[in-house]
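Single-letter residue listing:
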Amino acid sequence: MSVRFNGKHLAKFIRPEEYTTLYPQVELAHKQLAEKTGAGNDFLGWLDLPETYDKEEFGRIKAAAEKIKADSDVLLVAGIGGSYLGARAVIEAIAGQYHNELDGGVKIYFCGNTISPSAMNDIIGLVKGKRFSINVISKSGTTTETALAFRVLRKLLEEAVGPEEANKRIYATTDRAKGTLKQLADAQGWPTFVVPDDVGGRYSVLTAVGLLPIACAGIDIDALMQGAADARKAYGTLAPDNDAYRYAMTRAILYRKGKRVETLACFEPDFLMMNEWFKQLYGESEGKDQKGLMPTSCIFSTDLHSMGQYIQDGSRIMFETFVDVKQPRQDLFIDPIDGNFDGLNFLSGQNMSIVNRKAMEGTILAHTDGGVPLGIIEVDKLDAYNVGVLLYFFWKACAVSGYLLGVNPFDQPGVESYKKNMFALMGKPGYEDRKAELEAKLNG
Ligand code: PA5
């Protein structure tokens, strides 16, 4: 498979029999997932999605993307959390961080993922005088950040092109039948796409949630789905050498040995938003009941000049998972320079990817010598197919890892706490008692 878990540098931290001892629990988790009998079993739609996805809707997504590419300079995507991270992660992993500036296609900006007025004003500035469309994404239809941004964007669009044309340029991705966004979309005649009931936000990038923005970025969504479909088969096998299960077991063993933090690190900046997607996936799935590894991330070698000191020498609470991208999106030949004024001619006469690889190898040895257990997820390259494989790899490993931890990996009850406080403090009707209580705490 094009995504593999390489545990060779873990040998001095984990004995082979530790995997053997844990394996029966993996067998149980595998069975619970396959038979849909474990915790959160009503949110397992992602398991078979790469095969069972709605082909009719898939065709409509492609058609909508073609229309947006033809009639818009900019697509504004409003959504947060699971309704945001996956699409941006996949686009940047495949097309690069600067795809908006470099590729000449429709520019894609994400918003509705913050309540910052500065960020909102920047988005307004970005579409001034441009032809734009909006994709509002919210499963619940009531998420404050997204709804607040959308009311601004919709007004902006209606003012720019009139209500009738605006209705043809607003695409709503939401629940199949319920929720305010669905009702509004139906009333206005906006094209709608579905977030399936049994697919949670952090497992939703291969639904319309991710696929419409990804297709607008010019990425081959057939190849993306094919990668996920092939991964479903490969990581669906119950075997000790299933790479997703070996990664899940590694996390569980290190957690049980006292590690509390996992750092996902990649030497490709294009992976920055995949890191963010990973943190949501594992943080929301496992961080509950006062348990779970805290997912953190780095882009190296950038962060070797910031977090590198801590990882090498600080508290031994963490382990690292490196994502080793075997083939970069582009390479660059290093020419020698006359005079060798910077002393770097010893690096010349070869591709920059070789230097990056040596930096990675040097880091692996330094960190493991420093007492940091380190596993490697190898991926051939960050193209649509392989990113599809990688998404599914992380999902399957996360589900098993959550079951090994003894939590429900498919809910996120903790996310509600800040929302309730914010509503109370803003005076939302129905929250009066809580408002008084919170204000007393703030002012006390
Ligand atoms: O993973 C999740 O469920 C969350 O991150 C949600 O995706 C996020 O809160 C956005 O919710 P909604 O799509 O209902 O607006």
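Use the structure listed above.
Below: a short report on this structure.

A word on helix 16 (residues 384–405)
Turning to step 1, where the next piece is worked out: Over its 22 residues, helix 16 extends 31 Å from the first C-alpha to the last, a length consistent with the 32 Å expected when each residue adds 1.5 Å.
Turning to step 2, where the next piece is worked out: Within helix 16, 21 of the 22 residues are buried, leaving the element largely enclosed by the surrounding structure.
Turning to step 3, where the next piece is worked out: One or two steps after helix 16, the chain reaches Gly406, where phi turns positive at roughly 85°.

Remarks on the sheet that holds strand 6 (residues 192–194)
Turning to step 1, where the next piece is worked out: Spatially, the five strands line up as an open sheet ordered 3-2-4-5-6, and their pairing is parallel. Every other strand in the sheet has two partners, leaving strand 3 (107–111) and strand 6 as the edge strands with one partner each. Here the average twist between neighbouring strands, direction ignored, is 20°.
Turning to step 2, where the next piece is worked out: In this sheet, strand 4 (residues 132–137) lies alongside strand 2 (residues 74–78) in parallel orientation, the contact comprising five bridges. Paired with Leu76 across the strands is Ile134, a residue of strand 4.
Turning to step 3, where the next piece is worked out: Running over the sheet, helix 6 (residues 117–127) touches strand 2, strand 3 and strand 4 and is turned about 160° from strand 3.

Topic: the pairing of strand 5 (residues 170–174)
Turning to step 1, where the next piece is worked out: Most of strand 5 is tucked away: five of the five residues are buried.
Turning to step 2, where the next piece is worked out: The sheet contact formed by strand 4 and strand 5 spans four bridges and is parallel. Following the sheet pairing, Ile134 is matched in strand 5 by Ile170.
Turning to step 3, where the next piece is worked out: As paired elements, strand 5 and strand 6 share three bridges and run parallel to each other. What sits directly across from Thr174, in strand 6, is Val194.
Turning to step 4, where the next piece is worked out: Chirality of the crossover, the property in question, places the unit of strand 5, helix 9 (residues 180–188) and strand 6 among those that are right-handed.

Rules of the game
Residues numbered from 1 in each chain as written. Predicted model: local features only at pLDDT ≥ 70, side-chain atom pairs only at ≥ 80, totals over all residues. Heavy atoms only, no water. Helix = DSSP H or I, 4+ residues; strand = E, 2+ residues; numbered from the N terminus. Expected span 1.5 Å × (residues − 1). Buried < 20%, exposed > 50% of the residue type's maximum accessible area, 1.4 Å probe, protein only. Pairing = 2+ DSSP bridges. Axes fitted to C-alpha atoms, helices over the stretch in contact; angles between N-to-C directions. Contact = heavy atoms within 4.5 Å. Right-handed = clockwise from strand over helix to strand, strands pointing away.

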